[in-house]
Amino acid sequence: MNDTQLIGVLNQKGGVGKTTSTTNLGHALARAGNRVLVVDLDPQSHLSPSLGLFKAPRRGSHEWLLGEAPLSELVVHTRENLSLLASGERLREFEEMPGSAAQRARLLQAALQRGHEGYDYILFDCPPSSGLLVANAILAVDEILVPVTGDYLSLNGLAHLLLTLKRFEPFRDRPMEQWFFLSRFVARRRLSKEVAERLLKHFPERVLATPIREAAALAECPAAGRTIFEYRRSSNGAADYSNLARDLVERRMMA
Amino acid sequence: MSDSEPILAHDPLADVAEKLEHGEVATLAQDNAVGDADVAAREAAETPAAPDEDGTAFVLPGQLGIQDVGELHGLLRDMLDAGGEIRFDASAVDNVDGAGMQLLAVFFKEAVTHGIQVEWRGVSNTLAEAAGVLGLRELLNIQPSEAEAR
Ligand SMILES: Nc1ncnc2c1ncn2[C@@H]1O[C@H](COP(=O)(O)OP(=O)(O)OP(=O)(O)O)[C@@H](O)[C@H]1O
Ligand SMILES: [Mg+2]
């Protein structure tokens, strides 16, 4: 594969598993031999500790977006085939920066055009908001990957996201692929099952085959600074994320 | 509640599907949620680039935005085809977005390949700053604005 797949891990609802999925999906894809870059677009900066960098790099996506430094100077190599672009300390100033919003919403696009060679996948961990950082991701990526948890508010948040995406449509130069997957899934809960059914009904052929199950080990990983493949290699969580990575690559959908 | 009765009493996705089907979703260009620049860019489409009075420099519109790209691109292509030396007057550009900057960047790159010299007759602070922010100063041959130089 020559082209880089640009994937935004996106959901404006908080706590649905965006960072957990960026981390573990990123590592799963890297373990399968792909060259992967994970980019933290969230000023909460949770991606760095999730990959074991408890002292987060001072510079990162903020400097890249503003063209202050090339990508190669900012990325950190964390694992074989897995690089990280941290958020950088100044990313929290991004939303308040002066200048036209339309211009600032295209900074990621411009940054990518300055070069990002060598990666098979770039995953963007987005913040739970509808601000400019999310706008940057929506305008720049090829596809979005949306974790959906099994509750009513999650569906509600998803509805909101679909409207946001629609609003950006005229500003994109190419169509955007949209993939959904079930996150923090508890199969025995009736509501979870109902949410899954609704999701499938509205997005047939768009829901990846593997639900990520709620699992204590996945919640413990960031505290250990390790991915699930390092922390509990034979756990459900590790199996789920490596299957999800295959779903994404092979376009395996839930039936 | 019986076991077979669904818990979900409402499906927000169905609401959205309906809205989308009936075209009831305002796009950003319509309601201007990303900021004034979108509306500004749309208005600018009515004032495309034009040669100035003595025909020596092309005057760029006040707002160089995504909406202008199609029109300007054609114009710039014609200018490239005409060859020789090209001058731009960008002193009136007071609003520019990423697409406008991309257009200029592509133009300058193509000009270089065609051996055409491009000169600025005037550059607004807005354009100079945007070039700085996007790291395009060198390519576009634009100096820092006076405000930034200070
Ligand atoms: N499958 C899972 N099983 C158990 N816990 C999980 C799972 N996925 C995520 N978590 C935990 O849920 C919390 C939220 O997850 P995460 O930070 O990945 O969500 P997020 O969408 O990135 O949140 P935010 O919107 O704040 O960025 C974290 O404590 C995480 O460890
Ligand atoms: Mg997160």
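Residues numbered from 1 in each chain as written. Chains lettered and ligands numbered in written order. Predicted model: local features only at pLDDT ≥ 70, side-chain atom pairs only at ≥ 80, totals over all residues. Heavy atoms only, no water.

Draft legend 1. Highlighting the overall build of chain A. The number of helices and strands found in chain A is 12 helices and seven strands. Here chain A has a C-alpha radius of gyration of 17 Å; the compact-globule value for 255 residues is 18 Å, and the two agree. With the C-alpha coordinates aligned to their principal axes, the bounding extent of chain A is approximately 50 × 40 × 35 Å. Taking the intrachain contacts of chain A between residues at least 6 apart in sequence as the baseline, contacts between residues at least 24 apart amount to 80%. Taken as a whole, chain A presents about 10300 Å² of accessible surface, with 48% of it coming from carbon and sulfur. Distance from the positive charge centre (32 side chains) to the negative charge centre (29 side chains) of chain A: 5 Å. (Helix = DSSP H or I, 4+ residues; strand = E, 2+ residues; numbered from the N terminus. Rg over C-alpha atoms; globule rule 2.2 N^0.38 Å. Contact = heavy atoms within 4.5 Å. Areas by Shrake-Rupley, 256 points an atom, 1.4 Å probe, with all protein chains shown as cover. Lys, Arg positive; Asp, Glu negative; His and termini not counted. Charge placed at Lys NZ, Arg CZ, Asp CG, Glu CD.)

Draft legend 2. Layout of the sheet that holds strand β5 (residues 121-125) of chain A. All names here are of chain A. Strand order across the open sheet formed by seven strands is β3-β4-β2-β5-β1-β6-β7, with mixed pairing between neighbours. At either end of the open sheet lies a strand with only one pairing partner, and these are β3 (76-79) and β7 (177-183). Each adjacent strand pair in this sheet contributes to an overall mean axis angle of 25°, direction not counted. Direction of pairing for strand β6 (residues 143-149) relative to β7: parallel, over a ladder of seven bridges. Bridging from a neighbouring strand, T149 pairs with S183 of β7. Sitting on the sheet, helix α8 (residues 152-168) touches β6 and β7, and the angle it makes with β6 is about 160°. (Pairing = 2+ DSSP bridges. Axes fitted to C-alpha atoms, helices over the stretch in contact; angles between N-to-C directions.)

Draft legend 3. Fine view of the packing of aromatic side chains. All names here are of chain B. Evaluation of the coordinates by the stated rule reveals three aromatic pairs over all chains. Judged by centre distance (5.6 Å) and plane angle (35°), the rings of F88 and W120 are tilted. A residue pair is termed long-range when its members are at least 10 positions apart, and F88 in strand β4 (residues 85-90) and W120 in strand β6 (residues 117-123) qualify at 32 residues. Comparing F88 with W120 shows no difference in burial state: the two are buried. Centre to centre, the rings of F108 and W120 are 5.5 Å apart; their planes meet at 20°, and the pair counts as stacked. Of the two residues, F108 is situated in helix α5 (residues 98-113) and W120 in strand β6; the sequence distance between them amounts to 12 residues. Using a relative accessible area of 17% as the deciding quantity, one classes W120 as buried. Pairwise contacts between aromatic rings join F88, F108 and W120 into one cluster. (Phe/Tyr/Trp six-rings, centres within 6.5 Å; stacked < 30°, edge-to-face > 60°. Buried < 20%, exposed > 50% of the residue type's maximum accessible area, 1.4 Å probe, protein only.)

Draft legend 4. Local environment of helix α10 (residues 216-224) of chain A. Residue and element names in this part refer to chain A. Within the sequence span of α10, burial applies to A217, L218 and C221. Projected onto a plane normal to the axis of α10, the buried residues spread over an arc of 100° and lie on a single side. Counted as exposed and oriented over 90 degrees from the buried face of α10: A216, A219 and A223. Residue G225 follows α10 closely and has a positive phi angle near 70°. (Arc of directions from axis to C-beta.)

Draft legend 5. Broad picture of the site of ligand 1. Residue and element names in this part refer to chain A. Near ligand 1, the surroundings consist of 18 residues, among which K18, T19, T20, R184 and A215 are the closest. T20 has a polar side-chain atom sitting 2.5 Å from an oxygen atom of ligand 1. Its free accessible area being 620 Å², ligand 1 has 83% of it covered by the protein chains. Secondary-structure elements contributing two or more residues to the shell around ligand 1 are α1 (18-31) and α10. Looking at the shell around ligand 1 element by element, the count peaks at three residues for α1. Grouping the amino acids of the shell around ligand 1 by side-chain chemistry returns six nonpolar, six polar and six charged. (Near = heavy atom within 4 Å. Polar contact = N/O pair within 3.5 Å; in protein donor to acceptor, adjacent residues only side chain to side chain. Nonpolar A, V, L, I, M, F, W, Y, C, P; charged D, E, K, R; others polar.)

Draft legend 6. Focus on the side chain of S183 of chain A. Residues and elements named next belong to chain A. Mapped onto the elements, S183 comes out in strand β7. What makes S183 buried here is its relative accessible area of 1%. At a separation of 2.6 Å, a polar atom in the side chain of S183 contacts the main-chain carbonyl oxygen of V16. Residues within four places of S183 in sequence aside, it is in contact with V16, G17, P147, V148, T149, G150 and I212.

All quantities given are derived from atomic positions and should not be read as evidence of function.
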